[in-house]
Amino acid sequence: MRTIAVLPGDGAGPEVARQGVKILKWAGQAAGEELEIREYLAGGAAIAATGDSLPDETLEACKAADAVLFGAVGSPEFDHLPREKRAEQAVLKLRKELGLFANLRPATLYAELAGASPLREEIAGKGFDILMVRELTGGIYFGEKGVEQGPDGRVAFDTERYAEYEVERIARVAFEAALGRRRKLVSVDKANVLETSRLFRSVVDRVAEGYPDVEVSHLYVDNAAMQLIRDPAQFDVMLTSNLFGDILSDEASVLTGSIGMLPSASVGEGAFGLYEPIHGSAPDIAGKDIVNPLGSILSVAMLLRHSFDMAERAGEVEAAVRRVLSGGYRTADMMTAGARRVGTEEMGDLVVAALNEVR
Ligand code: IPM
Ligand code: MG
């Protein structure tokens, strides 16, 4: 029996993860397989209960599971704590401990949502389908950091370090993904200023030699941020460091009509993975049944494809989401004139109903 550890987390995390679980249950039934789905504490919820954002029990359960479905973490209640005690540490530690060095964030502008995109109509009208491949366990997120008392006040530092092997393995993930897509890869860096970026670029060029069918180019991150808004349709796969991917994936997400739409997969060498919507815990709108659960639902589609080898089921989930959107149903974040507004639970139920219709 395959097991999924569900970590609902904070704020909007639990309500969106609950919709994701509905999809998991559907997939288990459709495949005639019983899935073991169990919940564990993480983030602020875990700090409140145990004092630790990632209790050992949660980490062990994730290690033992076949996949992890993650809600969101981050809780204003604990924002005053020192960095290493904050709720966000839960997801950072999980990524590191589970060896999930590759973060896949597909950003697709569905024609149905073009009206909700902040892009001008003639740009949104062209649509886009981008896969961001973000390095996830290295770089400035995990380098040496600290705060010191200097003669003129405090001095803080964060260091970015990248080893060749770290760049090489994430580059391979990106090139392999490009082979299954439009075979275009843009590597993002700041090689005009940063040593880590120069190393990144040279390793990407070396890996590229093994992929003659993939067209590679390099963009400075500032330019990449601009090109994403000016002409997102030019991109297929974008390869980034940890920090640049964090920033650019939020930018790409909002261009799709809502940050609430974007799923992600964090994976390592094997089939195991952690799946989560890219949006955060959104404490201001949590618990009111208004949050968009499609990011979590589409994350489950990624889980089915990557960790459970259920590509067909995954495709059905994605198709069901599109059908619900074509039917005019929208959560508050993606409302446009004439659409039918639904809540978090109802959106989850609509996707399940759409799935049951085709079976
Ligand atoms: C993300 C989030 C996380 C990150 C936070 C919650 C630590 O913004 O997954 O993009 O910065 O990686
Ligand atoms: Mg982020």
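Rules used throughout
Residues numbered from 1 in each chain as written. Chains lettered and ligands numbered in written order. Predicted model: local features only at pLDDT ≥ 70, side-chain atom pairs only at ≥ 80, totals over all residues. Heavy atoms only, no water. Domains from an automatic or database assignment. Contact = heavy atoms within 4.5 Å. Buried area = accessible area lost by both parts, 1.4 Å probe. Buried < 20%, exposed > 50% of the residue type's maximum accessible area, 1.4 Å probe, protein only. Helix = DSSP H or I, 4+ residues; strand = E, 2+ residues; numbered from the N terminus. Pairing = 2+ DSSP bridges. Near = heavy atom within 4 Å. Polar contact = N/O pair within 3.5 Å; in protein donor to acceptor, adjacent residues only side chain to side chain. Areas by Shrake-Rupley, 256 points an atom, 1.4 Å probe, with all protein chains shown as cover. Core = buried A, V, L, I, M, F, W, Y, C linked by side-chain atoms within 4.5 Å. Axes fitted to C-alpha atoms, helices over the stretch in contact; angles between N-to-C directions. Parallel < 35°, antiparallel > 145°, perpendicular 65-115°, else oblique. Nonpolar A, V, L, I, M, F, W, Y, C, P; charged D, E, K, R; others polar. Phe/Tyr/Trp six-rings, centres within 6.5 Å; stacked < 30°, edge-to-face > 60°. Lys NZ or Arg CZ within 6 Å of the ring centre and 35° of its normal.

Peer 1: Any chance you could explain the domain arrangement of the protein here in plain terms?
Peer 2: It is common to give the size of an interface as the accessible area that goes away when the parts come together. The domain boundaries assigned to the protein delineate domain 1 (1–100 + 259–359) and domain 2 (118–255). Distance from the C-alpha centre of domain 1 to the C-alpha centre of domain 2: 24 Å. Contact residues are listed per partner, giving nine residues for domain 1 and ten residues for domain 2. Interface area, domain 1 with domain 2, both sides summed: about 960 Å², of which 66% is carbon and sulfur.

Peer 1: Would you mind showing me how to read the pairing of strand β10 (residues 237–240) here?
Peer 2: Two faces make up the sheet, and in a regular strand the side chains alternate between them. Burial of the side chains of β10 extends over both faces: Val-237 and Leu-239 are buried on one face and Met-238 and Thr-240 on the other. In this structure, strand β8 (residues 184–189) lies alongside β10, joined through three bridges in parallel fashion. Opposite Val-186, over in β10, you have Met-238 as the bridge partner.

Peer 1: What exactly am I supposed to notice about the site of ligand 1 here?
Peer 2: Taken together, Glu-88, Leu-92, Arg-95, Arg-105, Arg-134, Tyr-141 and Asp-246 make up all the residues around ligand 1. Side-chain polar atom of Asp-246 to an oxygen atom of ligand 1: 2.9 Å apart, as the coordinates give it. In isolation ligand 1 exposes 320 Å². Once the protein is present, 78% of that is buried. Of the residues that make up the shell around ligand 1, three or more belong to each of domain 1 (1–100 + 259–359) and domain 2 (118–255).

Peer 1: Explain the nonpolar core here, please?
Peer 2: Soluble globular proteins: nonpolar side chains tend toward being buried together. Counting residues in each nonpolar core, the largest one holds 86 residues, and the members touching the most others are Phe-175, Leu-228, Leu-239, Met-261, Leu-294, Leu-304 and Val-351. With eight residues, the top contributor of residues to this core is helix α10 (residues 294–306). Both domain 1 (1–100 + 259–359) and domain 2 (118–255) contribute no fewer than three residues apiece to this core. For Leu-304, the residues in contact, after removing those within four places along its chain, are Leu-24, Ala-27, Asp-309, Met-310, Ala-311, Arg-313, Ala-314 and Val-317.

Peer 1: Explanation requested: the packing of helix α8 (residues 221–230) against helix α9 (residues 242–255) in the structure shown.
Peer 2: In a packed pair of helices, the relevant descriptors are the angle between the two axes and the axis-to-axis distance. At a minimum axis separation of 10 Å, α8 and α9 run at an interaxial angle of 10°. It follows that α8 is roughly parallel to α9 by the angle criterion. Packed against α8, whose contacting residues are Val-221, Ala-224, Ala-225, Leu-228 and Ile-229, the element α9 presents Phe-244, Leu-248, Glu-251, Ala-252 and Leu-255 at the interface. For the contact of α8 with α9, a count of residues per class yields nine nonpolar, no polar and one charged.

Peer 1: Which parts of the structure should I look at to understand the packing of aromatic side chains?
Peer 2: How two aromatic rings sit relative to each other is set out by the distance from centre to centre and by the angle between their planes. Tallied over the full model, the rule gives two aromatic pairs. Taking the centre distance of 6.2 Å and the plane angle of 65° together, the rings of Tyr-162 and Phe-200 count as edge-to-face. With Tyr-162 in the loop between β7 (153–158) and α6 (164–179) and Phe-200 in helix α7 (residues 195–208), this residue pair connects regions lying 38 residues apart in the sequence. There is no split in this pair, since Tyr-162 and Phe-200 are both buried. Residues Phe-175 and Tyr-211 carry aromatic rings whose centres are separated by 4.9 Å and whose planes lie at 15° to one another, so their mutual orientation is stacked. In this pair, Phe-175 is assigned in helix α6 and Tyr-211 in the loop between α7 and β9 (215–220), connecting sequence segments 36 residues apart. Here Phe-175 falls in the buried class, since its relative accessible area comes to 0%. The ring of Tyr-141 carries the charged tip of Arg-134 above its face, separated from the ring centre by 5.3 Å. Seen from the ring of Phe-101, Arg-169 lies directly overhead, with NZ or CZ sitting 4.3 Å from the centre.

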